[in-house]
Amino acid sequence: MNATYLPADYLPVLIQLGLALGFIITTMFVTHAIGPKRNSEKKDDPFECGIPVQGDARTPISIKYFLIAILFVLFDVEVIFLYPWAVNFKGLGMTGFIEMVLFMGLLLAGFYYIIRKGVLKWE
């Protein structure tokens, strides 16, 4: 395949990009300029899910919450690797099986470590 691209070949892409950016900027400017500006205490009050605002949103949250969330994402992403392995199990042969046993061993070692450290104990 002999493909040589000239800068002129990208002109339609640049024109479309320019038109899209121009439309976005124009729309934002026009809606800001002609939109209603009726501010009131009720309108400016934060509102979420019908629950009235109580207290300060900047209250400190325990680091354990974030640690458990990170661990969940970590182990969840590692489990995702099991699906392609299971689909291609026969094609990978014994080498693929040994690699997955090693992977699962490391995964379980990490899980054992966080259990022994008491990371998942909520106080």
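Residues numbered from 1 in each chain as written. Predicted model: local features only at pLDDT ≥ 70, side-chain atom pairs only at ≥ 80, totals over all residues. Heavy atoms only, no water.

Looking at the overall build of the chain
- Each helix and strand in the chain was counted, giving five helices and zero strands.
- Helices (α) and strands (β) of the chain occur, in sequence order from the N terminus, as α-α-α-α-α.
- Relative to the compact-globule value of 14 Å for 123 residues, the chain shows a C-alpha radius of gyration of 27 Å, a clear excess of over 25%.
- Per-residue burial over the chain gives 8% buried out of 123 residues.
- Sequence-distant contacts in the chain: of pairs separated by 6 or more residues, those separated by 24 or more amount to 58%.
- For the chain, the exposed surface amounts to about 11,700 Å²; the carbon and sulfur share of it is 70%.
- Of the charged side chains in the chain, 10 are positive and 10 negative, and the gap between their average positions amounts to 5 Å. (Helix = DSSP H or I, 4+ residues; strand = E, 2+ residues; numbered from the N terminus. Rg over C-alpha atoms; globule rule 2.2 N^0.38 Å. Buried < 20%, exposed > 50% of the residue type's maximum accessible area, 1.4 Å probe, protein only. Contact = heavy atoms within 4.5 Å. Areas by Shrake-Rupley, 256 points an atom, 1.4 Å probe, with all protein chains shown as cover. Lys, Arg positive; Asp, Glu negative; His and termini not counted. Charge placed at Lys NZ, Arg CZ, Asp CG, Glu CD.)

Things to note about the UniProt feature "transmembrane region" (unreviewed entry) in the chain
- As recorded in UniProt, the feature "transmembrane region" (unreviewed entry) lies at residues 13-34, 65-86 and 92-115.
- End-to-end, the C-alpha atoms of residues 13-34 are 31 Å apart, and along that stretch the chain is 100% helix and 0% strand.
- Secondary structure within residues 92-115 divides into 100% helix and 0% strand; the distance between the first and last C-alpha atoms comes to 32 Å. (UniProt positions renumbered as here; feature names shortened; annotations may be inferred.)

Here's the deal with helix 1 (residues 11-34)
- With 24 residues, helix 1 extends 34 Å between its outermost C-alpha atoms, agreeing within 8% with the 34 Å of an ideal straight helix rising 1.5 Å per residue.
- Sparse coverage of helix 1 is indicated by the burial of zero of its 24 residues. (Expected span 1.5 Å × (residues − 1).)

Looking at a nonpolar patch on the surface
- A contiguous nonpolar surface patch, about 1,000 Å² in accessible area, is contributed by Tyr5, Tyr10, Leu14, Leu17, Leu21, Phe23, Ile24, Ile25 and Met28.
- Position of tyrosine 5 relative to the elements: it lies in the segment before helix 1.
- Classification of tyrosine 5 by relative accessible area gives exposed; the value is 57%. (Patch = residues over 30% accessible without salt bridge, like charges linked within 9 Å, V, L, I, M, F, W, Y side chains within 5 Å. Salt bridge = Lys/Arg side-chain N within 4 Å of Asp/Glu carboxyl O.)

Topic: the packing of aromatic side chains
- Taken as a whole and judged by the stated rule, the model has five aromatic pairs.
- For the ring pair tyrosine 65 and phenylalanine 66, a centre distance of 5.4 Å and an interplane angle of 80 degrees mean the geometry is edge-to-face.
- In this structure an aromatic cluster arises from ring pairing among Trp85, Phe89 and Phe97. (Phe/Tyr/Trp six-rings, centres within 6.5 Å; stacked < 30°, edge-to-face > 60°.)

Here's the deal with the nonpolar core
- By size, the foremost hydrophobic cluster in this structure holds five residues: Leu71, Phe75, Leu107, Ile114 and Val119.
- Within the residue set of this core, elements represented by two or more residues are helix 3 (63-80) and helix 5 (89-117).
- What leucine 107 contacts, discounting residues up to four positions off in sequence, is Phe75 and Glu78. (Core = buried A, V, L, I, M, F, W, Y, C linked by side-chain atoms within 4.5 Å.)

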